[in-house]
Each structure stands twice: as C-alpha cells, then as structure tokens.
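Breakdown of the fold
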Amino acid sequence: ARHNLAIFEWKSGRTERTVKHFIIAANMGNDESLESLKKCYGMGLVSKEKFAAALRGHQAAVDAMKSPHRDKAKAALRI
C-alpha cells in the first residue's frame with residue numbers, strides 16, 4: 001500500500017512525500033520500493049544517509065521474516 005501511495009504522490013509531483021513513502025515501505029521489506037528508492041537516490045532526491053538507513057531497515061525486515069517454515073514452503077512450491 002505504501003508503495004502505491006508513493007507512486008500516486010510521484011504522479012502528483014510531490015517528490016518529498018514520494019520519498020517518505022518509499023522509505024517506509026522499504027523499511028517494511030518491500031523490494032520494489034527499495035529499487036524505486038535507489039532510483040530516487042540516483043536522481044539526488046534522497047541523501048546517502050537516508051538511503052543507507054532504508055537499506056539497513058529493509059535488510060532487517062527481510063531477516064525478521066525468515067523462518068524454517070517459510071523456507072520449507074518455498075522449497076515445496078519449487079517442485
């Protein structure tokens with residue numbers, strides 16, 4: 001939902017709000033938002049510190065979602 005809000009804000013020309021939504025979504029583990037945030041960083045819309053913090057938050061969220069049960073389910077679906 002946050003990623004979609006960011007896209008809406010981008011289309012409305014509100015880049016500051018766009019970046020805030022991308023950061024929140026990336027901190028919750030959203031890969032698409034992290035990639036979009038990377039593009040914003042490349043365009044100079046995000047500081048190096050904020051991008052680095054979002055990257056760390058994203059990794060922490062992804063790590064928190066890992067579990068042996070999820071790994072088993074992923075393996076079973078690949079068969």
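Quick look at the structure, then. Note that the structure is predicted; figures quoted are calculated from it, not measured.

**Observations regarding the nonpolar core**
In terms of nonpolar packing, the biggest core is built from 11 residues, these being Ala6, Val19, Phe22, Ile23, Ala26, Leu34, Leu37, Cys40, Val46, Phe51 and Ala54. Of all the elements in the fold, those that place two or more residues in this core are α2 (15-27), α3 (31-42) and α4 (48-65). The element contributing the most residues to this core is α2, with 4 residues. Alanine 54 has contacts with Ile23, Asn27 and Leu37, leaving out every residue within four places of it along the chain.

**Describing the environment of isoleucine 7**
By the element assignment, isoleucine 7 lies in helix α1 (residues 2-11). According to the relative accessible area criterion, isoleucine 7 is partly exposed, its value standing at 32%. Through-space distance from the C-alpha of isoleucine 7 to that of lysine 72 is 34 Å; in sequence the pair is 65 residues apart.

**Section: the pattern of salt bridges**
Considering all chains together, one arrives at 4 salt bridges under this definition. Close ionic contact of glutamate 9 with arginine 17 constitutes a salt bridge, the shortest N to O distance being 3.6 Å. Residue aspartate 63 is joined to lysine 66 by a salt bridge in which the shortest nitrogen-to-oxygen separation is 3.7 Å. Residue lysine 66 is classed as exposed on the basis of its relative accessible area of 56%. Several salt bridges converge on common partners, so that one network encompasses Glu9, Arg14 and Arg17.

**Some details on α2**
Helix length check: α2, at 13 residues, gives a terminal C-alpha distance of 18 Å against a target of 18 Å (1.5 Å per residue), a fit within 8%. Looking at the packing, one finds that the buried side of α2 touches α1, α3 and α4. Downstream of α2 by one or two residues, glycine 29 has phi in the positive range, about 100 degrees.

**Overview of the packing of α2 against α4**
Contact pair α2 / α4: the axes reach a minimum separation of 7 Å and the direction vectors enclose 30 degrees. In terms of orientation, α2 lies roughly parallel with respect to α4. Together, Ile23, Ala26 and Asn27 of α2 and Lys50, Ala53, Ala54, Gly57, His58 and Ala61 of α4 make up the contact between the two elements. Of the residues in the contact of α2 with α4, the class split is 5 nonpolar, 3 polar and 1 charged.

**Points about the packing of aromatic side chains**
Taken as a whole and assessed by the stated rule, the structure comprises 1 aromatic pair. An angle of 10 degrees between the planes, with centres 5.0 Å apart, marks the rings of tyrosine 41 and phenylalanine 51 as stacked. With tyrosine 41 in helix α3 and phenylalanine 51 in helix α4, the pair connects residues that are 10 residues apart, well separated along the chain. Tyrosine 41 sits in the partly exposed class, given a relative accessible area of 33%.

Each value, and the rule that gives it
- Within each chain, residue numbers correspond to sequence positions counted from 1 in written order.
- Given that this is a predicted model, residues contribute local features only at a pLDDT of at least 70 and side-chain atom pairs are listed and counted only at 80 or more, while totals for whole chains, interfaces and linings are drawn from all residues.
- Note: side-chain values were computed over all heavy atoms of the structure, leaving out hydrogens and water.
- For this analysis, a nonpolar core means a set of buried residues of the types Ala, Val, Leu, Ile, Met, Phe, Trp, Tyr and Cys, connected via side-chain atoms within 4.5 Å.
- For every residue, the accessible area obtained with a 1.4 Å probe (protein chains only) is divided by the maximum for its type, and the residue is called buried under 20%, exposed over 50%, and partly exposed between those limits.
- By the criteria applied, helices consist of DSSP H or I runs no shorter than four residues and strands consist of E runs no shorter than two, each listed in order from the N terminus.
- Contacts were defined at the residue level, with two residues in contact if any of their heavy atoms lie within 4.5 Å.
- Whenever Lys or Arg places a side-chain nitrogen within 4 Å of a carboxyl oxygen from Asp or Glu, that contact is recorded as a salt bridge.
- For a helix, the expected span equals 1.5 Å multiplied by the residue count minus one.
- Between N-to-C directions, angles cover 0 to 180 degrees, with each direction set by a line fitted to C-alpha atoms, over the stretch in contact for helices.
- Small angles under 35 degrees read as roughly parallel and large ones over 145 as roughly antiparallel, with 65 to 115 read as roughly perpendicular and the rest as oblique.
- Only Asp, Glu, Lys and Arg are considered charged in this grouping, and only Ala, Val, Leu, Ile, Met, Phe, Trp, Tyr, Cys and Pro are considered nonpolar; every other residue, Gly among them, is considered polar.
- When the centres of two rings from Phe, Tyr and Trp lie within 6.5 Å, Trp using its six-membered ring, the rings pair. Their planes under 30 degrees apart give stacked, over 60 give edge-to-face, and anything left gives tilted.

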